[in-house]
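Observations on the three-dimensional arrangement
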Amino acid sequence: GNAIYFPSVIKVGNQFKMVYMNSPNNELHAFGIAYSSDEVNWNKSLNNPIFTEFSTNNNYSKIAYPHYFIEDSNEMIFYTGWFNSDLVINLIKKY
């Protein structure tokens, strides 16, 4: 779809990268990535979605609120999700 929720942007070299959540009304909660050289025109990755509820280690449900960051040249994404009845924070280490 065309919906982008809760975008988070980092700059790597001359390129901007955005991670975003799809519509919370979708059955499958997922994250996508888009790229830009000017922060105005964005191109969604052909590999979207890059992460879904089924990608989590513990079968988290309703993943949401991705936050992109760089630490020691490693791109990572924090996100929240439900595990049993607890809201938890987790980390994607390879982006």
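Just so it is clear, the model here is predicted, and its values are computed rather than measured.

**Here's the deal with the packing of aromatic side chains**
Applying the stated criterion to the full structure yields eight aromatic pairs. Ring geometry for F31 and Y79: centres 5.9 Å apart, planes at 70°, overall edge-to-face. With F31 in strand β3 (residues 30–36) and Y79 in strand β7 (residues 74–83), this residue pair connects regions lying 48 residues apart in the sequence. Here the two residues F31 and Y79 agree in accessibility, since each one is buried.

**Quick notes on the sheet that holds β7**
The strand order β6-β7-β8 describes an open sheet built from three strands, whose pairing is antiparallel. Single-partner strands in this sheet number two, and they are β6 (61–71) and β8 (86–92). Across the sheet, the axes of successive neighbouring strands diverge by a mean angle of 20°, strand direction being ignored. For β6 and β7, the ladder comprises seven bridges, and the chain directions are antiparallel. Each bridged residue has a counterpart across the sheet, and for A64 the counterpart in β7 is T80.

**Let's talk about a nonpolar patch on the surface**
A contiguous nonpolar patch, built from Y5, F6 and Y65 and spanning about 300 Å² of accessible area, is present on the exposed surface. Note that Y5 resides in strand β1 (residues 5–12).

**Some words on unusual backbone geometry**
For the bond running from N48 to P49, omega is -5°, close enough to zero to count as cis. For P49, the location among the structural elements is in the loop between β4 (43–44) and β5 (51–52). The residue F6 is not glycine, and still its phi comes out positive at about 50°. Inspection of the secondary structure assignment puts F6 in strand β1.

**Section: the side chain of S8**
For S8, the position within the fold is in strand β1. For S8, a relative accessible area of 8% translates into the label buried. Within the structure, S8 has its side chain in polar contact with the side chain of H67 (distance 3.5 Å). Of the polar contacts made by the side chain of S8, one reaches the backbone nitrogen of Y68; its length is 2.8 Å.

Rules used in this analysis
- Numbering of residues begins from 1 in every chain and follows the order in which that chain's sequence is written.
- Side-chain atom pairs in this predicted model are given and counted only at pLDDT of 80 or more, local residue features only at pLDDT of at least 70, and totals for whole chains, interfaces and linings cover all residues.
- Side-chain descriptors were evaluated using all non-hydrogen atoms of the structure, hydrogens and water having been removed beforehand.
- Stacked, edge-to-face and tilted are the three classes for Phe, Tyr and Trp ring pairs, Trp counted by its six-membered ring, which pair at centre distances within 6.5 Å; planes under 30 degrees apart are stacked, over 60 edge-to-face, the rest tilted.
- Secondary structure is summarised from DSSP: a helix means a run of H or I of at least four residues, a strand means a run of E of at least two, and numbering begins at the N terminus for each.
- The rule is simple: take the accessible area with a 1.4 Å probe, protein chains only, and divide by the maximum for that residue type; under 20% is buried, over 50% is exposed, in between is partly exposed.
- A pair of strands is treated as paired once DSSP finds two or more bridges between them.
- Here, axes are lines fitted to C-alpha atoms. For helices the fit covers the stretch in contact, and angles between N-to-C directions go from 0 to 180 degrees.
- Patch building starts from residues that exceed 30% relative accessible area and form no salt bridge, then joins like charges within 9 Å and nonpolar side chains (Val, Leu, Ile, Met, Phe, Trp, Tyr) within 5 Å.
- Per-residue and other accessible areas follow the Shrake-Rupley method at a 1.4 Å probe size, with only the shown protein chains counted as cover for residues.
- Salt bridge, as applied in this entry: a Lys or Arg side-chain nitrogen positioned within 4 Å of an Asp or Glu carboxyl oxygen.
- Any pair of nitrogen or oxygen atoms within 3.5 Å is treated as a polar contact; in protein, a donor-acceptor pairing is required on top of that, and neighbouring residues in sequence qualify only through side-chain atoms on both sides.

Shape is all these values report; function is a separate question.
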